[in-house]
Amino acid sequence: MADTALIFPGQGSQDVGMGRDVAEAYPEARHLYQQADDILGFALSELCFQGPRELLDETANTQPALFVTSLALVEALKAEGKLPAAAMVAGHSLGELTALVAGGAMGFEEGLRLVRERGRLMKLAGERSPGGMAAVLKMHDADVEQACKEAAAETSRPVQIANYNSPGQVVISGDAQALDRAIELLRQRGGKRIVPLAVSIPAHSPLMASVVREYRAAVDATNFCLPVIPVVANISARPLLTVDEIRDELAGQFTWPVRWTASVQWMVEQGVKKFVEIGPKEVLAGLVRRIDGSVEAQSVGSLEAVRNGGLA
């Protein structure tokens, strides 16, 4: 029985140059980028390989860029014979769509089109209802939840935890006024490490609600099947067992928090002992180590890691 989970990063893990070495070394990876360029009608590959950063960092570009890069790395691992047999897969926010493709629940082309639409609509929601996000470190989840609840009540504007990333690390998201008040309350209560994030989109908050219906229509138009490998959901921290559950999960993502801590803990309870993050940087591998120090976590985000990652 496999004891490995493959995990896929979300927005924030992008970097100029990502995937270039892998695409140069593996025709399978290069073909995926070429396919993406053809499907989207612009040179996404060039944006990944050369930038400029300000364009790569635009939500509508970042999301397909990360999606394609992670799956190109999967293709490279397959070509090397080093893609581990996985007991389950999961992804953080955007990474959940990558996980659905890796798990066999939808095809690459349909996944890419859906990811592009997701990025476009999230950008639109941020323009309609601007806000912000902030990382809160070394505080208890319940204390952060309480501060958000009070700030929302005082300002009559939404703010909530968007990402439960690991014990002592959450991200809050919402209207700028409510966010500022929540940060003020947290600092009054001993919060010393609260870092506003350089984003204009209040992801995983009620401010995304204006585009949910349109995104749901895109999700409903996408062909899904039951995954070959179980996909652990962000919202429930449990596997998605039906196509209807997959659709509900993806539409709900816009306004519900990412329960990454609970997802990892559940996978460990099911016997997962090793997590392999496939994508640029090492954000998720670091979170896994903080969630449970007894498991192994590694990241495969470059040609060197593909060849020398020690994957069986």
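All values derive from a computational prediction rather than experimental measurement.

### Considering the overall build of the protein
Next up, step 1: Along its length, the protein carries 14 helices and ten strands.
Next up, step 2: The C-alpha radius of gyration computed for the protein amounts to 19 Å, which stays within 12% of the reference 20 Å derived for 312 residues, consistent with globular compactness.
Next up, step 3: Expressed as a percentage of the 312 residues in the protein, the buried residues total 57%.
Next up, step 4: The contacts in the protein between residues at least 6 apart in sequence include a share of 75% that link residues at least 24 apart.
Next up, step 5: Taken as two groups, the 30 positive and 38 negative side-chain charges of the protein have centres that lie 4 Å from each other.

### Quick look at helix α8 (residues 141-155)
Next up, step 1: With 15 residues, α8 ought to run about 21 Å at 1.5 Å a step, and its terminal C-alpha atoms sit 21 Å apart, in line with that.
Next up, step 2: Within the sequence span of α8, burial applies to Val144, Ala147, Cys148, Ala151 and Thr155. Buried residues of α8 fall within an arc of 100 degrees about the axis and therefore sit on the same side. Residues of α8 that are exposed and point more than 90 degrees away from the buried face comprise Ala142, Lys149 and Ala153.
Next up, step 3: Taken together, the buried residues of α8 touch β3 (132-137), β4 (159-166), β5 (169-174) and α9 (176-188).
Next up, step 4: Downstream of α8 by a residue or two, Ser156 has a phi angle that is positive, lying close to 60 degrees.

### A short note on the environment of Val276
Next up, step 1: By secondary structure assignment, the location of Val276 is in strand β9 (residues 274-278).
Next up, step 2: Taking the C-alpha atoms as reference points, Val276 and Leu77, 199 residues apart in sequence, are found 12 Å from one another.

### Let's talk about the nonpolar core
Next up, step 1: Of all hydrophobic cores here, the largest spans 67 residues; its most connected members are Phe108, Leu114 and Leu250.
Next up, step 2: Counting residues per element, this core draws most heavily on helix α5 (residues 59-80), at ten residues.
Next up, step 3: Those residues in contact with Leu114 that lie beyond four places of it in its chain are Leu97, Met106, Tyr215, Ala218, Val219, Thr222, Phe224 and Leu250.

### Focus: helix α7 (residues 108-128)
Next up, step 1: For α7, with 21 residues, the first-to-last C-alpha span of 30 Å sits near the 30 Å given by 1.5 Å per residue.
Next up, step 2: Taken together, the buried positions of α7 are Phe108, Gly111, Leu112, Leu114, Val115, Glu117, Arg118, Gly119, Leu121, Met122, Ala125 and Gly126.
Next up, step 3: Contacts from the buried residues of α7 go to α2 (27-40), α5, α6 (95-102), α10 (212-220) and α11 (243-252).

### Topic: the packing of α5 against α6
When two helices pack together, their arrangement is given by the angle between the helix axes and by the axis-to-axis distance.
Next up, step 1: Between α5 and α6, the least distance of the axes is 9 Å, while the angle of their chain directions is 35 degrees. When you trace α5 past α6, the crossing you get is right-handed. Residue-level contacts link Phe67, Ser70 and Leu71 of α5 to Leu97, Thr98, Val101 and Ala102 of α6.
Next up, step 2: Partitioning the contact of α5 with α6 into residue classes produces five nonpolar, two polar and no charged.

### A short note on the side chain of Asn234
Next up, step 1: Inspection of the secondary structure assignment puts Asn234 in the loop between β7 (231-232) and α11.
Next up, step 2: A polar atom in the side chain of Asn234 sits 2.8 Å from the backbone nitrogen of Ser93.
Next up, step 3: With sequence-adjacent residues up to four places away left out, Asn234 is seen in contact with Gly91, His92, Ser93, Glu96, Glu249, Gln253, Pro257, Val258, Arg259 and Ser263.

### Quick word on the sheet that holds strand β1 (residues 4-8)
Across a sheet, strands are paired by hydrogen bonds formed along the backbone, either parallel or antiparallel in direction.
Next up, step 1: One open sheet accounts for five strands, arranged β7-β2-β1-β9-β10; its pairing is parallel. The sheet is open, and its two edges are formed by β7 and β10 (296-300), each paired on a single side.
Next up, step 2: Two strands pair when backbone bridges link them, and β9 and β10 are joined in this way by five bridges, in the parallel orientation. Its bridge partner being in β10, Lys274 is matched across the sheet by Glu296.

### Observations regarding the sheet that holds β5
Next up, step 1: One open sheet holds the five strands; their spatial order is β6-β3-β5-β4-β8, and the pairing between them is mixed. With partners counted over all chains shown, the strands left at the sheet margins are β6 (193-196) and β8 (258-259), one partner each.
Next up, step 2: Here six bridges tie β4 to β5, and the two strands are oriented antiparallel to one another. Bridge pairing in β5 places Tyr164 opposite Val170.
Next up, step 3: Sitting on the sheet, α9 touches β3, β4, β5 and β6, and the angle it makes with β5 is about 145 degrees.

### Concerning the packing of helix α12 (residues 260-269) against helix α13 (residues 283-291)
Next up, step 1: Relative orientation of the contacting elements α12 and α13 amounts to 70 degrees, with a least axis distance of 10 Å. Taken together, α12 and α13 sit at an angle that is classed as roughly perpendicular. For the crossing formed where α12 meets α13, the hand is right-handed. Residues Trp260, Thr261, Val264 and Gln265 of α12 touch α13, and the partners they reach there are Leu284, Leu287, Val288 and Ile291.

Calculation criteria
Residues numbered from 1 in each chain as written. Predicted model: local features only at pLDDT ≥ 70, side-chain atom pairs only at ≥ 80, totals over all residues. Heavy atoms only, no water. Helix = DSSP H or I, 4+ residues; strand = E, 2+ residues; numbered from the N terminus. Rg over C-alpha atoms; globule rule 2.2 N^0.38 Å. Buried < 20%, exposed > 50% of the residue type's maximum accessible area, 1.4 Å probe, protein only. Contact = heavy atoms within 4.5 Å. Lys, Arg positive; Asp, Glu negative; His and termini not counted. Charge placed at Lys NZ, Arg CZ, Asp CG, Glu CD. Expected span 1.5 Å × (residues − 1). Arc of directions from axis to C-beta. Core = buried A, V, L, I, M, F, W, Y, C linked by side-chain atoms within 4.5 Å. Axes fitted to C-alpha atoms, helices over the stretch in contact; angles between N-to-C directions. Left-handed = near helix turned anticlockwise from the far one by under 90°. Nonpolar A, V, L, I, M, F, W, Y, C, P; charged D, E, K, R; others polar. Polar contact = N/O pair within 3.5 Å; in protein donor to acceptor, adjacent residues only side chain to side chain. Pairing = 2+ DSSP bridges. Parallel < 35°, antiparallel > 145°, perpendicular 65-115°, else oblique.

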